[in-house]
Amino acid sequence: KLAIKLFRNFGDSATAVLKSNPYIISEEYYGVSFEDADNFALNLGYDADSSQRVEAGVLFELTYNLNNGHSFIPRDKLAAATGILLGVERELCDRAVDELNEKGKIETEKIAGLDACYLCDYYEAEIYVAKRIIAMANESLYAGDIEQLIDCTEREQGITYADKQRQAVREAATKRLLLLTGGPGTGKTTSVRGIVALFDRLGLNTVLAAPTGRAAKRLSELTGAEAVTIHRLLEAGYDKESGEMCFAKGERDKLDADAVIVDECSMVDLILMRSLLSALSLECRLVLVGDANQLPSVGAGNVFADLINSGMVATVSLSEIFRQAKDSDIVVNAHSINMGILPQLSK
């Protein structure tokens with residue numbers, strides 16, 4: 001299996017490439033653990049302090065820490081961790097970081113006083129997401145008499161929105177990008193239903209999505225509109241050449257949608273957010289819904305919470321617990337914990 005992948009990439013020179021740098025097989029595409037690749041290299045006679053080994057160790061640490069949610073690692077921590085992993089001097093690790101940066105295999109940048117070290121894909125994704133979000137956040141839209149449209153939606157649904165819910169519907173109509181957040185029982189679903197109904201009145205083709213199949217099914221049940229997973233929305237598939245997952249929808253083939261609403265956004269990682277944004281036309285609206293205090297993304301990046309904390313994007317935070325939710329100890333205690341109050345567990 002490994003030989004086929006090497007031959008596919010390097011042809012007749014595969015053996016020579018492998019001998020010149022056996023650590024190449026620790027790259028994600030080849031599926032060999034760093035430990036096995038390291039043992040293989042040492043058995044071939046590579047020195048413990050060889051540049052190939054130390055550089056491979058730096059890349060491994062960056063890749064490994066993606067699983068811990070980190071899109072970058074501060075340089076001092078990266079060098080220290082690599083030194084411990086390989087049993088080599090810190091200076092060699094610092095030198096390896098510089099070499100990798102010069103070769104274009106990693107990116108470094110000053111962030112909040114830290115020397116941040118990124119894998120290139122994650123650096124580019126973070127830059128892309130930030131630029132696209134800023135462009136969308138700075139754009140306001142005109143949609144006619146919004147208050148009258150909201151009144152019509154209330155009558156149609158037989159409800160009266162709370163102030164914050166009404167604000168959410170209004171902001172969704174007048175902003176290219178909106179963040180809607182709140183804890184359990186605060187009326188996020190009612191707000192989303194209102195936004196969907198208002199988008200329908202505006203004649204927009206609206207698409208609903210969520211990170212997981214279960215979340216998408218729940219969104220469909222609660223809103224009465226079809227919802228799909230983000231992966232299905234972007235038409236996920238596999239590249240025959242690399243064997244890696246890819247999306248059919250993207251820069252070259254945009255989604256046919258005037259508005260996209262994504263629920264459970266706390267679970268959306270940096271790479272998935274980049275893929276989603278790249279598939280949106282410049283005219284498409286985007287509403288991101290979720291609870292920043294709920295499940296974080298499996299992949300690297302804390303996108304939803306970071307967007308809220310940035311203060312750069314129009315955000316509506318729902319905080320009022322509605323009557324039906326007040327009967328739930330889980331809901332009440334969840335809000336108590338977020339406010340730093342000990343939960344009541346006596347029942």
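Our next topic: the pattern of salt bridges. One pass over the full model with this rule turns up 14 salt bridges. For R170, the salt bridge identified is with E147, shortest N-O distance 2.7 Å. Of this pair, R170 sits in helix α9 (residues 163-174) while E147 sits in helix α8 (residues 146-157), placing them 23 residues apart in sequence. By relative accessible area, which is 28% here, R170 ends up partly exposed. When its relative accessible area of 31% is taken as the criterion, E147 is described as partly exposed.

It is worth spelling out the layout of surface pockets at this point. The computed volume of the largest pocket comes to approximately 1,800 Å³. Lining the largest pocket we find 49 residues, and of these E28, L66, D121, Y122 and E244 sit closest to its centre. Breaking the lining of the largest pocket down by element, the ones donating at least two residues are α2 (14-20), α4 (51-64), α7 (120-137), β8 (245-247) and α13 (270-278). At eight residues, the largest contribution of residues to the lining of the largest pocket is made by α4. Residues belonging to the lining of the largest pocket are distributed by class as follows: 23 nonpolar, 14 polar and 12 charged.

Let us now look at the environment of M273. Inspection of the secondary structure assignment puts M273 in helix α13. For the pair formed by M273 and A125, sequence separation is 148 residues and the distance between their alpha carbons is 8.5 Å.

Time to look at the environment of S278. With respect to the helices and strands, S278 occurs in helix α13. Taking the C-alpha atoms as reference points, S278 and L255, separated by 23 residues in sequence, lie 9.4 Å from one another. Not counting the four nearest positions on each side in its chain, S278 is found in contact with Y128, R132, G250, E251 and K254.

A few words on the packing of aromatic side chains. Using the criterion set out here, one finds six aromatic pairs in the structure. Geometrically, the ring pair formed by F34 and F60 is stacked, given 5.0 Å between the ring centres and 20° between the ring planes. Taken together, the positions of F34 in helix α3 (residues 34-43) and F60 in helix α4 put the pair 26 residues apart, joining distant regions of the chain. Assessed through its relative accessible area of 27%, F60 is described here as partly exposed. Plain terms: the ring middles of F72 and Y118 are 5.2 Å apart, the flat faces sit at 45° to each other, and that makes the pair tilted. Of this pair, F72 sits in strand β1 (residues 72-74) while Y118 sits in strand β3 (residues 114-119); the two residues are 46 residues apart in sequence, bridging distant segments of the chain. An aromatic cluster of three or more residues is present, and its members are Y23, F34, F60 and Y64. Sitting above the plane of the Y128 ring, R274 keeps its charged end 4.1 Å from the centroid.

Thresholds, definitions, all that
Starting afresh in each chain, residues are numbered from 1 along the sequence in its written order. In keeping with the model being predicted, local features are shown solely for residues with a pLDDT of at least 70 and side-chain atom pairs are shown and tallied solely at 80 or more, while totals for entire chains, interfaces and linings include all residues. The side-chain figures draw on all heavy atoms in the structure; neither hydrogens nor water molecules are used. We define a salt bridge as a side-chain nitrogen of Lys or Arg found within 4 Å of a carboxyl oxygen belonging to Asp or Glu. Helical segments are the DSSP runs of H or I of at least four residues, strand segments are the runs of E of at least two, and each set is numbered from the N terminus. Whether a residue is buried, partly exposed or exposed follows from its accessible area with a 1.4 Å probe, protein chains only, as a fraction of its type maximum: under 20%, in between, or over 50%, in that order. A cavity, in this analysis, means grid points on a 1 Å lattice covering only the protein atoms where a 1.4 Å probe fits yet has no way out; a pocket is instead an open set bounded by protein on both sides within 12 Å along at least five of seven lines, and a residue lines either one if it has an atom within 4 Å of a point. Grid points are joined across faces, edges and corners, and a volume is the space filled by probe spheres set on the points. Basically, the charged four are Asp, Glu, Lys and Arg, the nonpolar ten are Ala, Val, Leu, Ile, Met, Phe, Trp, Tyr, Cys and Pro, and anything else, Gly included, counts as polar. Any pair of residues with heavy atoms lying within 4.5 Å of one another is described as a contacting pair. Note on aromatic contacts: the rings of Phe and Tyr and the six-membered ring of Trp form a pair at centre separations within 6.5 Å, being stacked when their planes are under 30 degrees apart, edge-to-face when over 60 apart, and tilted otherwise. Ring-over charges, as used throughout, are those where CZ of Arg or NZ of Lys falls within 6 Å of the ring centre and within 35 degrees of the ring normal.

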